[in-house]
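Fold and contact review
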Amino acid sequence: MYLNGKPSETVEQLVGRIGQLVRVLLENFELDAAPVSLEGVDDLYELFDRDQIFLVQDGMIHMTKNGQNLLSFDEGDLIGIHHAFDMPTPILRTDEYVELIPINRDRFLRHVYSDKRRQHYWSHLLVCLNAVMLNYLADLYKDQVRPTAGFQNLQPGDVIISQGDPAEHVYTIISGEADVFVDGVKVGDIGEEEVFGAMAVFTGEPRSATVIARTPCTILAVPQKDFVLLIEAQPKAAVNLIENLARRITILNQQLIEKGGEHA
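Summary of the structure given here. Note that the structure is a prediction, hence the values are computed from the model and not measured.

A short note on the overall build of the chain
Scanning the chain from N- to C-terminus turns up 7 helices and 15 strands. The contacts in the chain between residues at least 6 apart in sequence include a share of 73% that link residues at least 24 apart. If you sum the accessible surface of the chain, you get close to 15300 Å²; carbon and sulfur atoms cover 53% of it.

Shown next, in the form of structure tokens:
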């Protein structure tokens, strides 16, 4: 099983566990149907009744919603479990060659429920499948729809701004601490009540550094146009910002001097 993007460690562990459970559930189960070879299938269950589930023997088949592949199944994966129980679910499709072994749903369930140990593993499999989707969707939600303005709550390791990205917001850390990196090298840190990300907003250039939360952080993101209005209306804020930038430039200059001394 493969998921789009880089899955979290939790999702990777769940995917590994699902593979183990499928292998255990298929022990001593006779796969008596001949493999079915398909190619270029738009919807698997337009070709088969929903009382069939399938073991992927070769190739890859994708679970798709609204034209987007959510996850992909390959050799050893058991597919169609949700479909076999007539649940609304994304379609299974492939543009490639795939070889599947059909399994009658009722015969498989009789095999599962004939042994208490297999019943336990079957329940565990269903829970893991659900947990994979919930965790995967949570990861996507965090990455794709995190608010770009207003207050944001971040966890250690979350990227606040990335080097090279366009500058559209100025940030203030309300609580917590963050690290600053340039070309992967740590060059500084940011503490509470510090403003950052303003330089690129004023110059119009891409972000010159990456900022990553070191601790749990609450930050305030202010759009560029609103920040400019704030500076115009509150000269004191401009003074504080200049002092902040000057202090940071002094620290960076000192670091460069020290590194220069190391190489002298």
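Looking at the nonpolar core
The tendency in soluble globular proteins is for nonpolar side chains to be buried side by side. Among the nonpolar cores identified, the biggest contains 43 residues, and L44, F73, I79, F108 and L125 are the most heavily contacted of them. In terms of residues, this core owes the most to one element, helix 1 (residues 9-25), which gives 8 residues. Aside from chain neighbours lying at most four places away, what touches L125 is I18, L21, V22, L25 and I81. Core analysis: the next-biggest nonpolar cluster, separate from the first, contains 16 residues, V180, A209, A213 and C217 among them.

Some points on the sheet that holds strand 11 (residues 178-182)
In space, the 4 strands of this open sheet follow the order 9-14-11-12, with antiparallel pairing throughout. Of all the strands in the sheet, just strand 9 (159-161) and strand 12 (185-190) have a single pairing partner and so form its edges. When strand polarity is set aside, the average angle formed by the axes of neighbouring strands in this sheet is 30 degrees.

Quick notes on helix 3 (residues 105-113)
Buried within helix 3 are the following residues: F108, L109, H111 and V112. Buried residues of helix 3, seen end-on, are gathered within an arc of 155 degrees and therefore sit on one face of the element. Where helix 3 begins, the capping side chain belongs to N104, and its oxygen is found 3.1 Å from the backbone nitrogen of D106.

Quick look at the sheet that holds strand 13 (residues 195-196)
Read from one edge of the open sheet, 4 strands run 8-15-10-13, paired in antiparallel fashion. The open sheet has two edge strands with one neighbour each: strand 8 (150-154) and strand 13. Here strand 10 (residues 169-175) runs beside strand 15 (residues 217-223); their pairing, made up of 6 bridges, is antiparallel. Pairing of S175 across the sheet is with T218, part of strand 15.

Describing helix 1
For helix 1, built from 17 residues, the straight-helix expectation of 24 Å at 1.5 Å per residue is met to within 8% by its first-to-last C-alpha distance of 25 Å. Those residues of helix 1 not exposed but buried are V11, L14, V15, I18, G19, L21, V22, V24 and L25.

A word on the packing of aromatic side chains
This structure, assessed with the given rule, holds 5 aromatic pairs. Pairing F108 with W122 gives two aromatic rings, centres 5.6 Å apart and planes at 70 degrees, and the pair type is edge-to-face. Note that F108 is positioned in helix 3 and W122 in helix 4 (residues 116-144), a separation of 14 residues in sequence. Residue F108 is classed as buried on the basis of its relative accessible area of 1%. Residue W122 is classed as buried on the basis of its relative accessible area of 4%. Every member of this aromatic cluster is reached through a ring pair, and the members are F29, F108 and W122. Directly above the aromatic system of Y45 lies the positively charged group of R50, at a separation of 5.7 Å from the ring centroid.

Overview of the environment of D32
Secondary-structure assignment places D32 in the loop between helix 1 and strand 2 (36-41). Residues D32 and P102, 70 residues apart in the sequence, show an inter-C-alpha distance of 8.7 Å. Only 3.0 Å separates the side chain of D32 from the side chain of R107, close enough to count as a polar contact.

Rules of the game
- Residues numbered from 1 in each chain as written.
- Predicted model: local features only at pLDDT ≥ 70, side-chain atom pairs only at ≥ 80, totals over all residues.
- Heavy atoms only, no water.
- Helix = DSSP H or I, 4+ residues; strand = E, 2+ residues; numbered from the N terminus.
- Contact = heavy atoms within 4.5 Å.
- Areas by Shrake-Rupley, 256 points an atom, 1.4 Å probe, with all protein chains shown as cover.
- Core = buried A, V, L, I, M, F, W, Y, C linked by side-chain atoms within 4.5 Å.
- Buried < 20%, exposed > 50% of the residue type's maximum accessible area, 1.4 Å probe, protein only.
- Pairing = 2+ DSSP bridges.
- Axes fitted to C-alpha atoms, helices over the stretch in contact; angles between N-to-C directions.
- Arc of directions from axis to C-beta.
- Polar contact = N/O pair within 3.5 Å; in protein donor to acceptor, adjacent residues only side chain to side chain.
- Expected span 1.5 Å × (residues − 1).
- Phe/Tyr/Trp six-rings, centres within 6.5 Å; stacked < 30°, edge-to-face > 60°.
- Lys NZ or Arg CZ within 6 Å of the ring centre and 35° of its normal.

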